[in-house]
Amino acid sequence: MGESIMIDINIKKGNIIRKIEIDDATQFINLAMKAVYERGLNDVDFDKPLFYARCRSILARATNHTIGLFVDNELVGFSIAQITTQPWSTEKICHLNLMHTDTGHRHEAYYQLMLDSIYTWAKGQGITRFHTSTMAYLLPEQVRTNMLIKNGYREADIQWEKKID
């Protein structure tokens, strides 16, 4: 089971992991819309045209690395990684903002494939530090927790959220 990495393409067992390009925007937007709905992030004021524009912006922004999991040229999963820095440091940090697969491909192995591809890319960028959150992954809690621990993550903080009516 060899790994073949060419430019920004990672092929394993017939699945292709590669950077999502503008030409893939329609597939990306459709799958991103499903990700939003599955997470319950769409509310009464959800603005579809604005969402479409933001998705295109994600693909175009140089500080983002958006990869897709393609099976038979169909986008079945994606991951959005953003390069950030802290105000007090110049160290680059990769924030794994969102990983999503359609329901038929929602397995730890596919998430791991995308993670491995991001790690390879980040290493080439000189990035060694990663942040993520549990909401980024739609996997059963124990599977998600085990996967993150297996990948060397530790709980560094608890994020609190408040909404003012």
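Preceding this paragraph is the structure being described.
Residues numbered from 1 in each chain as written. Predicted model: local features only at pLDDT ≥ 70, side-chain atom pairs only at ≥ 80, totals over all residues. Heavy atoms only, no water.

In terms of helices and strands, the protein carries four helices and seven strands. At 16 Å, the protein has a C-alpha radius of gyration in line with the 15 Å of a compact globule built from 165 residues. Considering the protein as a whole, with its 165 residues, one finds that 38% of them fall into the buried category. Sequence-distant contacts in the protein: of pairs separated by 6 or more residues, those separated by 24 or more amount to 58%. With the model as given, the accessible surface of the protein reaches about 10500 Å², and the carbon-plus-sulfur share is 53%. (Helix = DSSP H or I, 4+ residues; strand = E, 2+ residues; numbered from the N terminus. Rg over C-alpha atoms; globule rule 2.2 N^0.38 Å. Buried < 20%, exposed > 50% of the residue type's maximum accessible area, 1.4 Å probe, protein only. Contact = heavy atoms within 4.5 Å. Areas by Shrake-Rupley, 256 points an atom, 1.4 Å probe, with all protein chains shown as cover.)

Right, let's talk about the nonpolar core for a bit. When a protein is soluble and globular, its nonpolar side chains tend to lie buried together. With 25 residues, the main nonpolar core has Cys94, Leu96, Ile118 and Tyr137 as its most contacted residues. Every element with two or more residues in this core is listed here: β4 (64–71), β5 (74–84), β6 (93–101), α3 (108–124) and α4 (141–150). The element best represented in this core is α3, accounting for eight residues. Among residues more than four places away in sequence, those in contact with Leu96 are Ile80, Ala81, Leu115, Ile118, His131, Thr132, Ser133, Ala136, Tyr137 and Tyr153. Membership of the second largest hydrophobic core comes to 18 residues, among which are Met33, Val36, Leu59 and Phe78. (Core = buried A, V, L, I, M, F, W, Y, C linked by side-chain atoms within 4.5 Å.)

Our next topic: the packing of helix α1 (residues 25–38) against helix α2 (residues 48–60). Direction vectors running N to C along α1 and α2 enclose 120°, while the axes themselves pass 10 Å from each other. Judged by the inter-axis angle, α1 sits oblique to α2. Of the two elements, α1 crosses α2, and the hand of that crossing is right-handed. In this structure, α1 contributes Ala25, Phe28, Ile29, Ala32, Met33, Val36 and Tyr37 to the contact, and α2 contributes Lys48, Phe51, Tyr52, Cys55, Arg56, Ile58 and Leu59. In terms of residue class, the contact of α1 with α2 is built from 12 nonpolar, no polar and two charged. (Axes fitted to C-alpha atoms, helices over the stretch in contact; angles between N-to-C directions. Parallel < 35°, antiparallel > 145°, perpendicular 65-115°, else oblique. Left-handed = near helix turned anticlockwise from the far one by under 90°. Nonpolar A, V, L, I, M, F, W, Y, C, P; charged D, E, K, R; others polar.)

Scanning the model with the defined rule gives four salt bridges in all. Ionic pairing is found between Glu108 and Lys150, a salt bridge with its closest N-O pair at 2.9 Å. Of this pair, Glu108 sits in helix α3 while Lys150 sits in helix α4, and the two are 42 residues apart along the sequence. (Salt bridge = Lys/Arg side-chain N within 4 Å of Asp/Glu carboxyl O.)

This paragraph deals with the packing of aromatic side chains. All chains considered together, the criterion is met by four aromatic pairs. Between the aromatic rings of Tyr119 and Phe130, the centroid separation amounts to 5.1 Å while the plane-to-plane angle is 75°, which identifies the pairing as edge-to-face. Taken together, the residues span a long stretch of sequence, with Tyr119 in helix α3 and Phe130 in strand β7 (residues 129–132) at a distance of 11 residues. The ring of Phe70 carries Arg18 above its face, with NZ or CZ at 4.0 Å from the centroid. (Phe/Tyr/Trp six-rings, centres within 6.5 Å; stacked < 30°, edge-to-face > 60°. Lys NZ or Arg CZ within 6 Å of the ring centre and 35° of its normal.)

The next thing to look at is α1. The terminal C-alpha atoms of α1, which comprises 14 residues, lie 20 Å apart, in line with the 20 Å expected from a rise of 1.5 Å per residue. Looking at the buried positions of α1, the neighbouring elements they touch are α2, β4, β5 and β6. Positioned one or two residues after α1, Gly40 has a phi angle of 70°, which is positive. (Expected span 1.5 Å × (residues − 1).)

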